[in-house]
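Descriptive analysis of the structure
Spelled out, the chains give:
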Amino acid sequence: ETHQAQMNTEKVKETVDSNKSILVSHPNEFYQYTEEFNTDGIKLTVLGEDITEGNYIKFYPEMNYVDLPLEAIFEKLGGKFTWINSVSASLEINDKDYNYSAEHASMNLRGDDKHIDFRSDKYVESGHRKINGKYIIDNESLEMLLEHFGYEITVDFDTKTIEIK
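Here's a quick rundown of the structure.

Looking at the overall build of the protein
Looking only at helices and strands, the protein features three helices and 15 strands. Counting over 165 residues, the protein shows a buried share of 39%. Contacts in the protein between residues at least 24 apart in sequence constitute 43% of all its contacts with a sequence separation of at least 6. Summed over its atoms, the accessible surface of the protein is roughly 9,500 Å², and 45% of this surface lies on carbon and sulfur atoms.

What about the nonpolar core?
Ranked by internal contacts, the top residues of the largest apolar core, which has 33 residues, are Phe-74, Tyr-100 and Ile-164. Taken together, the elements giving at least two residues each to this core come down to β3 (43-46), β6 (65-69), α2 (70-76), β8 (88-93), β9 (96-101), β13 (134-138), α3 (139-148) and β15 (161-164). When residues no more than four places from it in sequence are discounted, the contact partners of Phe-74 are Gly-79, Phe-81, Leu-91, Ile-93, Leu-142, Leu-145, Leu-146 and Phe-149. Ranked by size, the runner-up nonpolar core spans five residues in total, among them Tyr-56, Tyr-60, Tyr-65 and Ile-131.

As for the packing of aromatic side chains
Counting across every chain of the model gives 10 aromatic pairs. When the centroid spacing of 5.5 Å and the interplanar angle of 10° are considered together, the rings of Phe-81 and Trp-83 count as stacked. A relative accessible area of 22% means that Trp-83 is categorised as partly exposed. Chaining the aromatic ring pairs together yields one cluster made of Phe-74, Phe-81, Trp-83, Tyr-98, Tyr-100, Phe-118, Tyr-135 and Phe-149.

Description of the pairing of β9
Bridging between β8 and β9 involves six bridges; their strand directions are antiparallel. Paired with Ser-88 across the strands is Ser-101, a residue of β9. Between the antiparallel neighbours β8 and β9 lie two residues, among them Asn-94 with a positive phi of about 55°. Here β9 runs beside strand β10 (residues 106-109); their pairing, made up of four bridges, is antiparallel.

Regarding the pattern of salt bridges
What the rule picks out here adds up to two salt bridges. In this structure, the salt-bridge partner of Lys-76 is Glu-49, at a minimum N-O distance of 3.1 Å. Residue Lys-76 is located in helix α2, and its partner Glu-49 is located in strand β4 (residues 49-50); the two are separated by 27 residues in the primary sequence. What makes Lys-76 partly exposed here is its relative accessible area of 34%. Judged by its relative accessible area of 40%, Glu-49 is partly exposed.

Looking at the sheet that holds strand β7 (residues 80-83)
Strand order in the open sheet formed by five strands is β7-β8-β9-β10-β11, and the pairing between neighbours is antiparallel. Looking along the sheet, the strands with just one partner apiece sit at the ends: β7 and β11 (116-117).

Concerning the pairing of β3
Where β3 lies against β15, four bridges are found, and the strand directions are parallel. Following the sheet pairing, Val-46 is matched in β15 by Ile-164. Alignment of β3 against β4, held across two bridges, turns out to be antiparallel. Across the sheet, residue Thr-45 finds its bridge partner in β4, namely Asp-50. Where β3 folds back onto β4 in an antiparallel hairpin, the turn is made up of two residues, including Leu-47, whose phi is positive at roughly 50°.

A closer look at unusual backbone geometry
Positive phi values are uncommon outside glycine, yet Asn-64 reaches one of about 60°. Residue placement: Asn-64 occurs in the loop between β5 (58-60) and β6. Since its relative accessible area comes to 35%, Asn-64 is described here as partly exposed. In this structure, Asp-95 takes a positive phi of about 60° despite not being glycine. Relative to the elements of secondary structure, Asp-95 occurs in the loop between β8 and β9.

Reading guide: rules and limits
Residue numbers here run from 1 along each chain, matching the order of that chain's written sequence. Residue-level local features of this predicted model are given only where pLDDT is at least 70; pairs of side-chain atoms are given and counted only at 80 or more, and the full residue set underlies all totals for whole chains, interfaces and linings. Computation of side-chain values: all heavy atoms of the structure, hydrogens and water removed. A run of H or I in DSSP becomes a helix once it reaches four residues, and a run of E becomes a strand once it reaches two; helices and strands are each numbered from the N terminus. Exposure classes here rest on a 1.4 Å probe applied to the protein chains alone. A residue is buried below 20% of its type maximum, exposed above 50%, and partly exposed in between. Between two residues, a contact is recorded if the distance between any of their heavy atoms is within 4.5 Å. Shrake-Rupley sampling with a 1.4 Å probe provides the accessible areas, and residues are treated as covered by the protein chains on show and by no other component. Each nonpolar core is a collection of buried residues, namely Ala, Val, Leu, Ile, Met, Phe, Trp, Tyr and Cys, held together in the definition by side-chain atoms within 4.5 Å. We call Phe, Tyr and Trp rings a pair once their centres come within 6.5 Å, taking the six-membered ring for Trp, and we label the pair stacked below 30 degrees between planes, edge-to-face above 60, and tilted otherwise. Two strands form a pair only when DSSP identifies at least two bridges running between them. By definition, a salt bridge exists where a carboxyl oxygen of Asp or Glu is found within 4 Å of a side-chain nitrogen of Lys or Arg.

Functional significance is not addressed by these values, which are geometric in nature.
This is the structure in structure tokens:
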């Protein structure tokens, strides 16, 4: 085990013990956290329906991005994720089946080799994390993904509103 791996393992133990966050050190796993959140003053609408309540949404105005609930958004758009493991899923939407890779921030239509990339340059690690047991994506990565399906996202940092239509 390298010194860095030992440090990561110690950090995992420390954060698990403090119950503030859990950092998964395996390279094919997401960073996972348990975090309290407050959506007061925040509004997320998908196709005109407010889905704010119960969903993790967090604004980072200094970095000009927002953490958003990936699965809840796609569910309102008629999609469904079936997770194969912690980083790969099948996404069914618009009567099509996609291979979805959160690890590589890309997807492709099942049976087609053409990949659709949706990694934001602003978020260093990955636009994906798992917080409170739910997959989270940043607004820029989500925007790239939504464009493929003909949807658009508008984020207003002043009013803390997000609209997907």
